[in-house]
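# Results of the structural survey
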Amino acid sequence: MTKTPLQFRHNGRDVAVFVDGGVNLLVALRELIGDMTPKFGCGQGGCGACSVLIDGELHLSCLTLAEAVNGRAVETLDGLKDGPNLHPLQRAFMEQFAAQCGYCTPGMLMAAKSLLDRNPSPSRAEVIEAISGNICRCTGYEPIINAVLAAASSGRARA
Amino acid sequence: MAKHRGRGIASINYPIGMNLGGDPSQALVHSNPSGKFTVSLSSIDLGQGMKSVTRQICAETLGVPVEDVYVDTADSDTGPHCMGSFASRGTHRVGNAVMAAAKEARGVMMEAAAEELEVNAADLETDGRGNIHVKGAPHRSISTKDVAIAAQFKQGKTISGRGIFLVPLSEVNPETGEMSPATCYAHACLVAEVEVDDETGEVAMVRMDSAYELGRALNPRLVEQQLVGGAWMGISHALFETPEPYYPDPTHGPRDFVEYLMPGPGDTCPHDIAVLERPAADGPFGAKGPGEMCANPVLPAVANAIFNAVGVRMDELPITPEKVLRAIKAQGGARPQARR
Amino acid sequence: MLELRKDIFADERDDNLKEIGKGTQRQDMLGHVTGTSTYFDDHKLQGMLHLKVLRSPHAHARLRRIDTMEAERSPGVRRIIRGADVPRNLNTLLSLINFGKDDEPSLAVDKVRYKGEPIVAIVADSPREAYEAMAKVRVDYEPLPAVFDVEEALKPGALVVNETYPKNTFIYHDVYDHQKLRFGDVERGFAEADHVLEQRYQMSPIEHAPTETNGSIAAPDTNGRYVVYTSTQALFFSLDTCAKILDVPSNTFHFIGGTVGGGFGGKVDTLTEPLAILGAMLTGRPVRYQLGREEEMQFGSPRGAERIYIKDGVMRDGRIVARKIRAYFDSGAYTRLSSYAVVKCVAHLPGPYTIPNVHGDVYCVFTNRTPATAMRGFGVTAMDFALECQMDKLAHLVGIDPMEFRILNAYRDGDMKAHRREAKNTALIECAQVAAEKAKWPLREEVKRMSSRKDGGGSRAAISPTPIEPAPQRAAVSQQRTTYDRAPPAPIHEPPPPAPPPPPRPQSPSHGATRFSSVFGTRRR
């Protein structure tokens, strides 16, 4: 199969790989870059486990052609921490016990980050709206909603 | 056309562990030379908190802080046999195996400490903060770290323990069904309030109040995770989920998360939970297991609440708007029952 | 919101504990929020191949011919696996506890019995190449009529779903097509009752829908072994199932798992491991077999549907005096775990209530749908739905508040349960009282004072005279014995000797897979 060169920023670092035609960004990240934080849940855009930010915007990596991110910046959960320091969302997820099996957590955190980046003080309804494309089968969503709200209010407290 | 509210209840019990027993689990516990402990299991953590709850059980039994214990799960070369993570058996069966292993390891640790302190092991106690001291004389103390060093490099002792827990297998009488299915049972009662739209047939959850009896809440935060998440799954089973919407007709089945319906984060409701603890005689610190039973009372409580709201009995799951609407129509309209 | 009611049953507990009872952070939480928790699919192995399975589009069909010639030549294909390549292409999961007959192939050979049944596995360099080759496999199907309704499947002359069980039911104790429960005399109870209510309930199948689909990666390891990264919920169950199907000693495998993206019962069936390992054995390369979402949703085993009939006799004062239950578990085309769920369900009857006359008949029925398996609440969830809807109707019928109706009938310490064991450590009444308090559900004072620890036992511990139907002759050789046991069939018509000798020990299986225990097998005389 013909391979296409692909170069993009991955969590602040430049990376370059060759991809097969038709390969999606999720496969490129996991199998070529080695970033295992985005998860395969359905491959159909139905669960949000593979959510990443592309140029700051929330996208489903399983529905994004790898070639489409050429020259752009991709952020995954692997880049959420600031060095050894957890992001406020990660701390809030821990404090609220907002993960059980943990498989949806990477996508949830990216969806939540996307929300707080554009709206630092969301209402409960806005949080629900922001994570409604992400499926969690364990928690009943309540702790996740509470964690995002708690992270938002801790962000406001620092500001 | 209107929205009607109603309340329904259900009370249930649930057996702990594989039916009829015969489902052993083993655990190994050992200390490194710094007095830090590893629990080796082949048991699975699929989100329920196996690693965390066995860690607390081990720390409590050894008498050391929880930070001094890590649990390694699910490697068939290093973890001894476990039947698996199902049948609400993890906390009860694996917890007991870990407790037994930790007791054996504690025995060696106390003997080693006794040798260092030149006292009888029976006169020693742990403080839960990483020290072992003579009962009534806290100044005659040694850290678990120093005990582990002495055991390893001076006394030639392994601070380790093996544990197994097995509920012996029960027979089943073919004629009467006489059997010993389980050694203990968890209990629950749940009140659900719903709002039924008699124009669309949609059922919205308003709130839930519940009481769950679990023997012992080993970690209340983990219990809360199970009960909140399990109740969500109960709502989902009651009102949304089916791979065969016209069962037994196998057609029209959903194929993916777009077509398979489950409640989203906006479909939940407030849930006020009480946890009761009546210790089971053979549970680790009395614990039973909350994992499976937490969803069960929600299904009938929702169905009963719908009857209370609009007077129709929904005896087939899931209770879709289509079914509700057909039932209301067949009845000639909503017939709200006495508010309660 | 969660509140611990330490005031209740306080006299039965020692709360002087240090680590137990604390809301300590989960050991795995940091890994979860940083994305470093390692699931089976997070292992990237050099030269990994991908396995995909061709599945039947028919619910029931004869396989006249399977032609893989063109697929073999498809680019990137390393190996095509057919039923004949599977060393022991017939298994039942619970053979590990000596329960049930081998009835399910890893890859279908002569017939398919449900839509989605695996027929051919393709191992290729990439998933895409595996799919492209799959499109080139030619299967000549002869579609057959199918049965989907449990009660239709039991009618005389119904088509046979699974030849291992020609009557379309699992066979209990060698003789019965259902598991019985007999406690007291329900017919007498109905005759005495003021009201009798008979109702039908239907539970839907349910998909487990874990966010991580079933899957595994198998790779040749050093020392001639295979390392297997897996999503299983039961490590040794899966390991020993693979040892049996692949006919090798169990220590051929090093299974690694334990961090799993949700299961809910859907990851017990060892759906992917045997073929992934076989692929690795046949190619000498790491092989990954992960179900896609559509495969998981449609062909990963679901919670089975159950149809339940309940007939109750109740007195005007609210006492339930008789409960008769007939239930059908839809097992799909093969047994998997439904046979065991039936026994658990029978043990659960009549729910957490003390009823002097209880009669249960529960069937495990085969139909032409995806085999069902365990799910959260195994054997109980559907029955609880039926029982608690029925309780509501009974309360309505006799005009008693439904919460008080439950408390009135609740089992208490010392009562006799229908499976003939004394109830201990009960707490249903207290749960009802606390839930009522939380929900501001009014209870009369005398009901608030009732207790699980008071007024049980006595006449409530008695077992009423129970009419027992004559037992049929045991026709078949001990059916739970499987070829896997390789044990000589036990004699079955002999009268019991006065001092029974120890049961014959099964010969050691050549492959070394271990049976965990023996539910019905070795105690047979």
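The structure reproduced in this document is the subject of the present report.

About the thresholds
Residues numbered from 1 in each chain as written. Chains lettered and ligands numbered in written order. Predicted model: local features only at pLDDT ≥ 70, side-chain atom pairs only at ≥ 80, totals over all residues. Heavy atoms only, no water. Helix = DSSP H or I, 4+ residues; strand = E, 2+ residues; numbered from the N terminus. Rg over C-alpha atoms; globule rule 2.2 N^0.38 Å. Buried < 20%, exposed > 50% of the residue type's maximum accessible area, 1.4 Å probe, protein only. Contact = heavy atoms within 4.5 Å. Areas by Shrake-Rupley, 256 points an atom, 1.4 Å probe, with all protein chains shown as cover. Lys, Arg positive; Asp, Glu negative; His and termini not counted. Charge placed at Lys NZ, Arg CZ, Asp CG, Glu CD. Pairing = 2+ DSSP bridges. Axes fitted to C-alpha atoms, helices over the stretch in contact; angles between N-to-C directions. Disulfide = S-S within 2.5 Å. 1 Å grid on protein atoms, 1.4 Å probe; cavity = no way out; pocket = protein on both sides within 12 Å on 5 of 7 lines; lining within 4 Å. Points joined across faces, edges and corners; volume = space filled by probe spheres on them. Nonpolar A, V, L, I, M, F, W, Y, C, P; charged D, E, K, R; others polar. Buried area = accessible area lost by both parts, 1.4 Å probe. Salt bridge = Lys/Arg side-chain N within 4 Å of Asp/Glu carboxyl O. Polar contact = N/O pair within 3.5 Å; in protein donor to acceptor, adjacent residues only side chain to side chain.

When helices and strands are tallied, chain A shows five helices and five strands. Across chain A, helices and strands are ordered from the amino to the carboxyl terminus as β-β-α-β-β-β-α-α-α-α. A globule of 159 residues ought to have a C-alpha radius of gyration of about 15 Å, and chain A, at 16 Å, matches this closely. A principal-axis box enclosing the C-alpha atoms of chain A has dimensions of 50 × 30 × 25 Å. Burial analysis of chain A (159 residues in total) assigns 55% to the buried set. Of all intrachain contacts in chain A linking residues separated by at least 6 positions in sequence, the fraction that spans at least 24 positions is 56%. On chain A, roughly 6,300 Å² of surface is accessible, and the fraction owed to carbon and sulfur atoms is 50%. Charge-centre separation for chain A: the mean point of 14 positive side chains lies 4 Å from the mean point of 15 negative side chains.

Residues and elements named next belong to chain A. Ordered in space as 2-1-5-3-4, the five strands form an open sheet in which the pairing is mixed. Only two strands of the sheet have a single partner each, and these edge strands are strand 2 (13-20) and strand 4 (57-60). Pairwise comparison of adjacent strand axes, ignoring direction, gives a mean angle of 40° for this sheet. Across eight bridges, strand 1 (residues 3-10) lies against strand 2 in antiparallel orientation. The residue bridging Q7 from the neighbouring strand is A16, located in strand 2. The strands that helix 3 (residues 105-118) touches are strand 3 (51-54), strand 4 and strand 5 (73-75); relative to strand 3, the one it contacts most, it runs at about 35°.

Attention shifts here to the state of the cysteines. Think of a disulfide as a covalent bridge from one cysteine sulfur atom to another cysteine sulfur atom. Residue and element names in this part refer to chain B. The full count for this structure, using the stated rule, is zero disulfides over all chains. As a non-bridged cysteine, C269 has C294 as the owner of its nearest cysteine sulfur, 15 Å distant. What makes C269 buried here is its relative accessible area of 11%.

Its volume calculated, the largest pocket comes out at about 1,500 Å³. For the lining of the largest pocket, the elements supplying multiple residues, two or more each, are strand 2 and helix 1 (25-33) of chain A together with strand 2 (49-55), helix 3 (127-134), strand 13 (287-290) and helix 8 (293-299) of chain C. Of the residues contributing to the lining of the largest pocket, the split by class is 20 nonpolar, 13 polar and 16 charged.

Turning our eyes to something else, we now look at the interface of chain B and chain C. Counting residues at the interface gives 130 residues for chain B and 130 residues for chain C. A buried area of about 11,000 Å², summed over both sides, lies between chain B and chain C, and 58% of it is on carbon and sulfur atoms. In terms of surface lost to chain C, no three residues of chain B exceed E175, Y247 and R278 of chain B, which account for 7% of the buried area on that side. Counting across the chain B and chain C interface gives 14 salt bridges. One salt bridge in this structure joins E12 of chain C and R278 of chain B, with 3.0 Å as the shortest N-O distance. Linking chain B to chain C there are 71 residue pairs in polar contact (both at pLDDT 80 or more). Elements supplying a minimum of two residues to the side of chain B that touches chain C: strand 1 (3-15), helix 1 (50-62), strand 4 (69-72), strand 9 (185-197), strand 10 (203-213), helix 4 (220-239), strand 11 (271-276) and helix 5 (298-310) of chain B. Per-element tally for the side of chain B that touches chain C: the top contributor is helix 4 of chain B, with twelve residues. Split by residue class, the side of chain B that touches chain C holds 62 nonpolar, 39 polar and 29 charged. Note: strand 11 of chain B against strand 1 (residues 2-4) of chain C, three bridges, orientation parallel.

With that out of the way, let us pick up the pairing of strand 6 (residues 131-134) of chain B. Residue and element names in this part refer to chain B. Across three bridges, strand 5 (residues 124-126) lies against strand 6 in antiparallel orientation. When the bridges of strand 6 are listed, T126 appears paired with I132. Bridging between strand 6 and strand 7 (residues 137-143) involves four bridges; their strand directions are antiparallel. Looking at strand 7, one finds that N131 is bridged to S143.

The next thing to look at is the interface of chain C and chain A. Across the contact, 36 residues belong to chain C and 31 residues belong to chain A. Both faces combined, the contact of chain C with chain A buries some 2,700 Å², and carbon together with sulfur accounts for 59% of it. Where chain C meets chain A, there are three salt bridges. K39 of chain A serves as the salt-bridge partner of D42 of chain C, at 2.6 Å between the closest nitrogen and oxygen. Across the chain C-chain A interface, the total number found is 16 residue pairs in polar contact (both at pLDDT 80 or more). Secondary structure elements with two or more residues in the side of chain C that touches chain A: helix 1 (29-34), helix 3 and helix 8 of chain C. If you tally residues by element for the side of chain C that touches chain A, the top one is helix 1 of chain C, at five residues.

Let us look at empty space enclosed by the protein. In this structure the tally under the stated criterion is seven cavities of 30 Å³ or more. Looking at the largest cavity, its volume works out to about 760 Å³. Surrounding the largest cavity, 43 residues form its lining, Q48, F86, S88, G291 and E292 of chain B being those nearest its centre. Top element by residues in the lining of the largest cavity is helix 4 of chain B. It accounts for three residues. Split into classes, the residues belonging to the lining of the largest cavity amount to 21 nonpolar, 15 polar and seven charged. In this model, the second largest cavity occupies a volume close to 350 Å³. Along the walls of the second largest cavity sit 22 residues, with E104, S106, T270, L271 and R336 of chain C positioned nearest its centre. Elements with a minimum of two residues in the lining of the second largest cavity: helix 6 (235-246) and helix 7 (273-283) of chain C. Its residues assigned to classes, the lining of the second largest cavity shows eleven nonpolar, six polar and five charged.

So yeah, pure geometry; function would need other evidence.
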